Amino acid sequence: MAQFNAFEEAIDFSFWKELCEKHGKLHHFRRGEYFARTGEALKNAGWIVSGGFKHSLIDNSGNAKTVGFVFEGSVLANYISSMHGKKIPTDIIALEDSDVLVIPSSLIRERLMFDPTLYIKFLDALFEQAYEQVLNNYRSTPEQRYRQLLARYPRLFDLVSLGEIATYLNISRRQLHRFRETIAANTPDEEK
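What comes next is a walk through the structure.

Conventions we followed
- Residues numbered from 1 in each chain as written.
- Predicted model: local features only at pLDDT ≥ 70, side-chain atom pairs only at ≥ 80, totals over all residues.
- Heavy atoms only, no water.
- Helix = DSSP H or I, 4+ residues; strand = E, 2+ residues; numbered from the N terminus.
- Rg over C-alpha atoms; globule rule 2.2 N^0.38 Å.
- Buried < 20%, exposed > 50% of the residue type's maximum accessible area, 1.4 Å probe, protein only.
- Contact = heavy atoms within 4.5 Å.
- Areas by Shrake-Rupley, 256 points an atom, 1.4 Å probe, with all protein chains shown as cover.
- Lys, Arg positive; Asp, Glu negative; His and termini not counted.
- Charge placed at Lys NZ, Arg CZ, Asp CG, Glu CD.
- Salt bridge = Lys/Arg side-chain N within 4 Å of Asp/Glu carboxyl O.
- Polar contact = N/O pair within 3.5 Å; in protein donor to acceptor, adjacent residues only side chain to side chain.
- Pairing = 2+ DSSP bridges.
- Axes fitted to C-alpha atoms, helices over the stretch in contact; angles between N-to-C directions.

## Examining the overall build of the chain
Then comes step 1: Summing up its helical and strand segments, the chain has 9 helices and 8 strands in all.
Then comes step 2: Taken over C-alpha atoms, the radius of gyration comes to 17 Å for the chain, in line with the 16 Å a tight globule of 192 residues would show.
Then comes step 3: By residue count, 41% of the 192 residues in the chain fall in the buried class.
Then comes step 4: Look at the contacts in the chain between residues 6 or more apart in sequence, and 74% of them connect residues 24 or more apart.
Then comes step 5: Counting every atom, the chain has about 11,000 Å² of accessible surface; 50% of that belongs to carbon and sulfur.
Then comes step 6: A gap of 6 Å separates the mean positions of the 24 positive and 25 negative side-chain charges of the chain.

## Overview of the side chain of arginine 145
Then comes step 1: Topologically, arginine 145 is positioned in helix 6 (residues 142–152).
Then comes step 2: Buried charge without a partner: arginine 145 forms no salt bridge, and the closest opposite charge is glutamate 143, 11 Å away.
Then comes step 3: Within polar-contact distance, the side chain of arginine 145 engages the backbone oxygen of serine 140 at 3.5 Å.
Then comes step 4: Among the polar contacts made by the side chain of arginine 145, one reaches the main-chain carbonyl oxygen of leucine 169 at a distance of 2.6 Å.
Then comes step 5: Discounting chain neighbours no more than four positions away, the residues touching arginine 145 are Asn136, Asn137, Ser140, Leu169 and Ile171.

## Things to note about the sheet that holds strand 3 (residues 44–50)
Then comes step 1: Here 4 strands make up an open sheet; going across it, the order is 1-8-3-6 and the pairing antiparallel. The open sheet has two edge strands with one neighbour each: strand 1 (25–29) and strand 6 (75–76).
Then comes step 2: As judged from the 2 bridges shared by strand 3 and strand 6, these two strands associate in the antiparallel manner. Its bridge partner being in strand 6, tryptophan 47 is matched across the sheet by valine 75.
Then comes step 3: Set on the sheet, helix 4 (residues 105–114) makes contact with strand 3 and strand 8 (98–104); between it and strand 8 the angle comes to about 65°.

## Quick word on the pairing of strand 8
Then comes step 1: Burial within strand 8 is extensive, with 5 of its 7 residues counted as buried.
Then comes step 2: Across 5 bridges, strand 1 lies against strand 8 in antiparallel orientation. Bridging from a neighbouring strand, phenylalanine 29 pairs with serine 98 of strand 8.
Then comes step 3: In this sheet, strand 8 lies alongside strand 3 in antiparallel orientation, the contact comprising 6 bridges. By the bridge assignment, tryptophan 47 is partnered in strand 8 with leucine 101.

## With respect to the pattern of salt bridges
Then comes step 1: Here the structure, examined in full by the defined rule, presents 6 salt bridges.
Then comes step 2: Here glutamate 164 makes a salt bridge to lysine 54, at a shortest N to O gap of 2.1 Å. Here glutamate 164, found in helix 8 (residues 162–169), pairs with lysine 54, found in strand 4 (residues 52–58); they are 110 residues apart in sequence, far enough to count as distant. Lysine 54 matches glutamate 164 in its accessibility class, with the two residues each being buried.

Structure follows, in structure tokens:
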């Protein structure tokens, strides 16, 4: 199964996993429990051993929006907060019961600063994913983005409510239901 976030496929994150395995403490997060809250400086980072998390925020109209996901075998952090001590702009919340090897963010920061080549690759991969996402929002229709999400990470639909998926795609729940109905109507019975 592909990683949910493209930047995780562009970089060998074994260094991150090894740091977490060597120095980390295993923490269990129950569904709905916060790893971090908006406005905090992220003092810890982690490696997700099992489970998954969402990044969410409250928009200017007071609506909760899901802006990202991370799952088993992935890093758990926020770049700006972990590397520069700035306040995190999102909440990071467990989608399901999850186990995470947690270490101080300073260990990740020191490792990246020690290896400028890795650091540049890391930044390039983050930038490329962010830019590609912006472009994809212009080049793809909402239904195409939904189909891409479904193809890339079908397990998401078992873990996350349709409302959260709709906010992630920046569409209404009604639009999402229409897309699902259209796909179901056009899927042969033997594939259902």
